[in-house]
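Listed here are the chains, written in short residue letters.
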Amino acid sequence: MVTEPASQVEENERPATEAPDGGNTRRGVLIGVGLAGVAGVAAACGGSDDSGDSGGNGAAGQQSPAAGGGAALAQTSEIPVGGGKVFKEQKVVVTQPAQGTFKAFSAICTHRQCPVDEVADGTINCPCHRSKFKIADGSVAGGPATRPLEEKQVTVSGGQIKLA
Ligand code: FES
């Protein structure tokens, strides 16, 4: 019974004397956790970027440099006859309205500048308000757009399509 008050006193004194050290230790731990968290986030970002890049390059390895340096935008075999393909990164649509005839247009809709997202049934289609443009000349085939898609110049050589 006599020791209880004594122990209470000790307990009361300990936090008072240890508080500064305890506080520093806690700050140190918090800082450490903070840095670890940042490092973790950075590592996670690096990891996802790496995987994203490698995935993109793997799927379209020869296409990525195309926008900058005149490398091939696409292989002719990628573009279906009577159809086309949207290259989102380059903001270009390449079509093949007839066997061996390749056309390219801006992928930006002339209505409200949404990127078009598909080529189907002979038209290039905008998802925003359903404007449609003909694959042969980019002219309006339906929807609210009133102006044709801007035509881009391409060259075809050796089975490769390049932006001119
Ligand atoms: S932005 Fe394409 S239809 Fe409106």
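Keep in mind it's a predicted model, so treat the numbers as computed, not measured.

J.: Please set out the side chain of T95 residue by residue, giving values where relevant.
T.: Tracing the backbone through its elements, the reader meets T95 in strand β3 (residues 92-98). Only 2.8 Å separates the side chain of T95 from the backbone oxygen of I135, close enough to count as a polar contact.

J.: Can you break down the pattern of salt bridges residue by residue, with the values?
T.: Under the counting rule described, the total for this entry stands at 3 salt bridges. Between K85 and E78 there is a salt bridge; the shortest N-O distance is 2.7 Å. Under the relative-accessibility criterion, E78 is labelled partly exposed at 25%. Residues K152 and E150 are paired through a salt bridge, measuring 3.9 Å at the closest nitrogen-oxygen approach. For K152, a relative accessible area of 29% corresponds to the partly exposed category. You can call E150 partly exposed: its relative accessible area is 47%.

J.: Before we move on, can you summarise the nonpolar core with the specific residues and values?
T.: Most often, soluble globular proteins have nonpolar side chains that are buried together. In this structure, V86, V93, V116, V119, I124 and F133 are the most contacted members of the largest nonpolar core, which totals 14 residues. In contact with I124, not counting residues within four places along its chain, are V93, T95, F105, V116, E118, V119, S131, K132, F133, K134, I135 and L149. L73, A74, I79 and F87 belong to the second largest nonpolar core, which has 10 residues in total.

J.: Describe the state of the cysteines, and please don't skip the residues or the numbers.
T.: A complete count under the given rule lists 1 disulfide for this structure. Note that C114 is cross-linked by a disulfide to C128, the S-S spacing being 1.8 Å. Measuring the twist about the S-S bond at about -90 degrees, one finds the C114-C128 disulfide to be left-handed. Of the two residues, C114 sits in the loop between β4 (101-106) and β5 (118-120) while C128 sits in the loop between β6 (123-125) and β7 (132-134), which places them 14 residues apart along the sequence.

J.: Please give an account of the sheet that holds β7 that cites residues and values.
T.: Spatial strand order, β5-β6-β7-β8: 4 strands in an open sheet with antiparallel pairing. Strand pairing shows two members of the sheet lacking a second neighbour, β5 and β8 (140-142), which therefore form its edges. Across the sheet, the axes of successive neighbouring strands diverge by a mean angle of 35 degrees, strand direction being ignored. Strand direction decides the pairing type here: β5 and β6, joined by 3 bridges, are antiparallel. Bridged to A120 within β6 is T123.

Analysis parameters
- Residues numbered from 1 in each chain as written.
- Predicted model: local features only at pLDDT ≥ 70, side-chain atom pairs only at ≥ 80, totals over all residues.
- Heavy atoms only, no water.
- Helix = DSSP H or I, 4+ residues; strand = E, 2+ residues; numbered from the N terminus.
- Polar contact = N/O pair within 3.5 Å; in protein donor to acceptor, adjacent residues only side chain to side chain.
- Salt bridge = Lys/Arg side-chain N within 4 Å of Asp/Glu carboxyl O.
- Buried < 20%, exposed > 50% of the residue type's maximum accessible area, 1.4 Å probe, protein only.
- Core = buried A, V, L, I, M, F, W, Y, C linked by side-chain atoms within 4.5 Å.
- Contact = heavy atoms within 4.5 Å.
- Disulfide = S-S within 2.5 Å.
- Pairing = 2+ DSSP bridges.
- Axes fitted to C-alpha atoms, helices over the stretch in contact; angles between N-to-C directions.

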